[in-house]
Amino acid sequence: MSSRPTIAGVTVASRPVRALKGVILAACCAVVVVPFVGIVSTSLATREQITRDGGFVLLPDEVSFAAYQAILSGGVVTRATLVSLFVTVAGTTLSMAATILLAYGLSRPRSVAHRPLLMIVLFALLFTPGIIPSYLVVKSLGLLDTYWALILPVAVNAFNVIILRAFFMELPKEVIESARIDGAGDVAILFRIILPLSKAVLAVIGLFYAVAYWNAFFSALLYLNDTAKWPLQLVLRTYVINQTQIGVDQLGAAGVALPPQEAIQMAILVLSIVPVLVVYPFVQRHFTKGVLIGAVKG
Amino acid sequence: MSRLTWWDRVRRDRILLLATVPGVALLLTFHYLPWLGNVIAFKDYQPFIGIFDSPWTGLRNFQVIVNGDPAFLNALTNTLIITLLQVLIVFPAPIALALLLDSLMSERLKRTVQSILYLPHFLSWVIVVAIFMQLLGDGGLLNNFLREHDLGTVSIISNPDAFLALVTGQVLWKDAGWATILFLAALSRIDTTLYEASAVDGASRWRQLWHITLPGLRSLIVLLLILRLGDALTVGFEQIVLQQQAVGADASEVLDTYVYNNGILAGDWGVSAAVGLVKGLVGLLLVLGANKLAHRFGEQGVYQR
């Protein structure tokens, strides 16, 4: 017989083992949280403290919003933020519409042409076209240097279609059948029955799309030569990763004392993280449901 | 509904068919049409002449692969080394993390830790690279600390020798937490009576882990390994492109960056397309092969026979 107590049959670990586990998990969380704290702190810190702390501040003595004022007063960063917001909102709307419709159209295995249409989606999952052929298609459609190039090629994600389709197929058949007996057509069934029952998974897929659009960096680098059209991620690369000096000309805040570069850089970084942080908590509780169905059904 | 003609079925399902049109059109245009663009792998493609009028060159563009051009071999080697590191280090990490999380007794604590650990997955590579620069760069947190304590500094961000470690660390930071989500779900589906019965029989925690927990995760592990194998020639493209300037091509060139740098930036379109095409075909063969292997071991794999 096991000498230790058990919970649901799992033997409870000894105290040192539990302590060790706690330390490991706490360390993992710290590795994620501390950088965030440092980034926000640096963006709010004064020049003296940034210099004293060697460029990266963990906790600001004094809080200054000068860096945020500088980047949000109508220069390069402001414009890039608006571009990113536009692409994210327009892209997510288009993606959700196309994905919902496609998943619904594939949700009845007895329907006509079901198998070939499903194969088109499944094979898109297995073959990803190369960079060069994709570029040639976007170019020959005349989409270079347009925001369409950031949206259309990634508008339908086959994996999301499969997840959503699996979810639609799991919905109780009786509800749909009884609606049909009451005279509801396929359009009414989608909008009045299926979508209201799928809010959780729709929220998760919406987040996946929105985050993908917001975070897209390479598609913009590849398809947009006009730097005036650049989204926030490319501006972030220019000023934070490549360490290009950002001056009054770029910020559009003439006549104001320029905040320290480090604070500006970290403020841009915060600006690029905030939208994700705002949406994340609302969707996060639905993750397991949304991701799981896809995993179970493959 | 036995004797419906095909046309009757089309009429019955017209709404469903119509619904698939936009999505299928987008997939055909941006996932299937590009495969035609691969013809330039067999041509001397010049952008100003166009795909149709560029002269055919047969298999000449494939010579870099067959003859083992040094730059290509370097990219291939780096790719395979990074893949190997990811399978050996990045792949098991979320399994261990999921086991740790699963053993937490408090549901609320577990959810809080999960929320924190999932978060980095939703940050872009630009952000992740920028964060690592703040932590490990010459003016970053680590080096400031070392400098303050007169311990000298370590060069990590722009050091070619540290690149593999850096890339692996970044992938761990970004995705190890998120990857636990599937393993946690699989763990929650393991029949608890198995644990109870084994406890009665006097099984230790390690024996429970070995004989109950890991077998319960086996199908998922096989599935994810197959998917990873199919992507063996694809390693963090955005992540690497962002950091190539700092460490140079010798340490950081992988197949995808080779295709991009050589083709789109340097204008050697045909050769790059040839490398991209071979890479895509090899990837496909790897998925199909791995899936067959999974079937042989009695697992479900990605698709069923």
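Residues numbered from 1 in each chain as written. Chains lettered and ligands numbered in written order. Predicted model: local features only at pLDDT ≥ 70, side-chain atom pairs only at ≥ 80, totals over all residues.

For chain B, an unreviewed UniProt entry supplies the name Sugar ABC transporter permease and the organism Plantactinospora alkalitolerans. Here chain B is described in UniProt, under the heading Sequence similarities (unreviewed entry), as follows: "Belongs to the binding-protein-dependent transport system permease family." Word for word, the UniProt comment on chain B under Subcellular location (unreviewed entry) is "Cell membrane". (UniProt positions renumbered as here; feature names shortened; annotations may be inferred.)

In the annotation of an unreviewed UniProt entry, the entry for chain A reads Carbohydrate ABC transporter permease, and the organism field reads Plantactinospora alkalitolerans. Check the Sequence similarities (unreviewed entry) section of the UniProt entry for chain A; it says "Belongs to the binding-protein-dependent transport system permease family." Recorded under Subcellular location (unreviewed entry), the UniProt text for chain A is reproduced unchanged: "Cell membrane".

This next bit is on the overall build of chain A. Each helix and strand counted, chain A has 16 helices and two strands in total. Its C-alpha atoms give chain A a radius of gyration of 25 Å, clearly above 19 Å, the size a compact globule of 298 residues would have. Taken across its 298 residues, chain A has 43% of its residues classed as buried. (Helix = DSSP H or I, 4+ residues; strand = E, 2+ residues; numbered from the N terminus. Rg over C-alpha atoms; globule rule 2.2 N^0.38 Å. Buried ≥ 20, exposed ≤ 12 C-beta atoms within 10 Å, placed from the backbone.)

One broad trend across soluble globular proteins is that nonpolar side chains are buried collectively. Val235, Ile268 and Leu269 of chain A together with Ala130 of chain B are the most contacted members of the largest nonpolar core, which totals 151 residues. If one sorts the elements of this core by residue count, helix 9 (residues 163-188) of chain B sits on top with 13 residues. Residue assignment places this core across two domains, with domain 1 (6-63) and domain 2 (69-297) of chain A each supplying three or more. Setting aside chain neighbours within four positions, we find leucine 269 of chain A in contact with Ile39, Leu236 and Val240 of chain A together with Ile127 and Ala130 of chain B. (Core = buried A, V, L, I, M, F, W, Y, C linked by C-beta atoms within 7 Å. Domains from an automatic or database assignment. Contact = placed C-beta atoms within 7 Å.)

What follows covers the packing of helix 9 of chain B against helix 11 (residues 205-230) of chain B. Residue and element names in this part refer to chain B. Where helix 9 contacts helix 11, the axes come no closer than 9 Å and their chain directions differ by 140°. One way to sum up the angle between helix 9 and helix 11 is to call them oblique. Regarding helix 9 and helix 11, the two cross each other, and that crossing is right-handed. Seen from helix 9, the contacting residues are Leu182, Phe183, Ala186 and Leu187; seen from helix 11, they are Gly216, Leu217 and Leu220. Of the residues that constitute the contact of helix 9 with helix 11, the class distribution is six nonpolar, one polar and no charged. (Axes fitted to C-alpha atoms, helices over the stretch in contact; angles between N-to-C directions. Parallel < 35°, antiparallel > 145°, perpendicular 65-115°, else oblique. Left-handed = near helix turned anticlockwise from the far one by under 90°. Nonpolar A, V, L, I, M, F, W, Y, C, P; charged D, E, K, R; others polar.)

With that settled, the discussion passes to the interface of chain B and chain A. The extent of an interface is frequently quoted as the accessible surface area lost upon association of the parts. In this assembly, 80 residues from chain B lie in contact with 80 residues from chain A. Taken together, the residues that form the side of chain B that touches chain A break down as 51 nonpolar, 22 polar and seven charged.

This paragraph deals with the UniProt feature "transmembrane region" (unreviewed entry) in chain B. Residue and element names in this part refer to chain B. Residues annotated by UniProt as "transmembrane region" (unreviewed entry) correspond here to residues 15-33, 80-104, 116-136 and 269-288. Taken end to end, residues 15-33 has its terminal C-alpha atoms 26 Å apart, with 100% of it in helix and 0% in strand. Split by type, residues 269-288 is 100% helix and 0% strand. Its first and last C-alpha atoms lie 29 Å apart.

Residues and elements named next belong to chain A. When the UniProt feature table is mapped to this numbering, "transmembrane region" (unreviewed entry) covers residues 23-44, 83-105, 117-136, 148-168, 189-214 and 263-283. For residues 117-136, helix accounts for 80% and strand for 0%, while the C-alpha atoms at its two ends are 25 Å apart. Spanning residues 148-168, this segment combines 71% helix with 0% strand, and its end C-alpha atoms are found 29 Å apart.

Let's shift gears to the environment of leucine 141 of chain A. All names here are of chain A. Considering the arrangement of structural elements, one finds leucine 141 in the loop between helix 6 (131-140) and helix 7 (148-151). Exposure remark for leucine 141: the 16 C-beta atoms within 10 Å place this residue in the partly exposed category. Expressed as a C-alpha distance, the spacing of leucine 141 and proline 172, which sit 31 residues apart in the sequence, is 43 Å.

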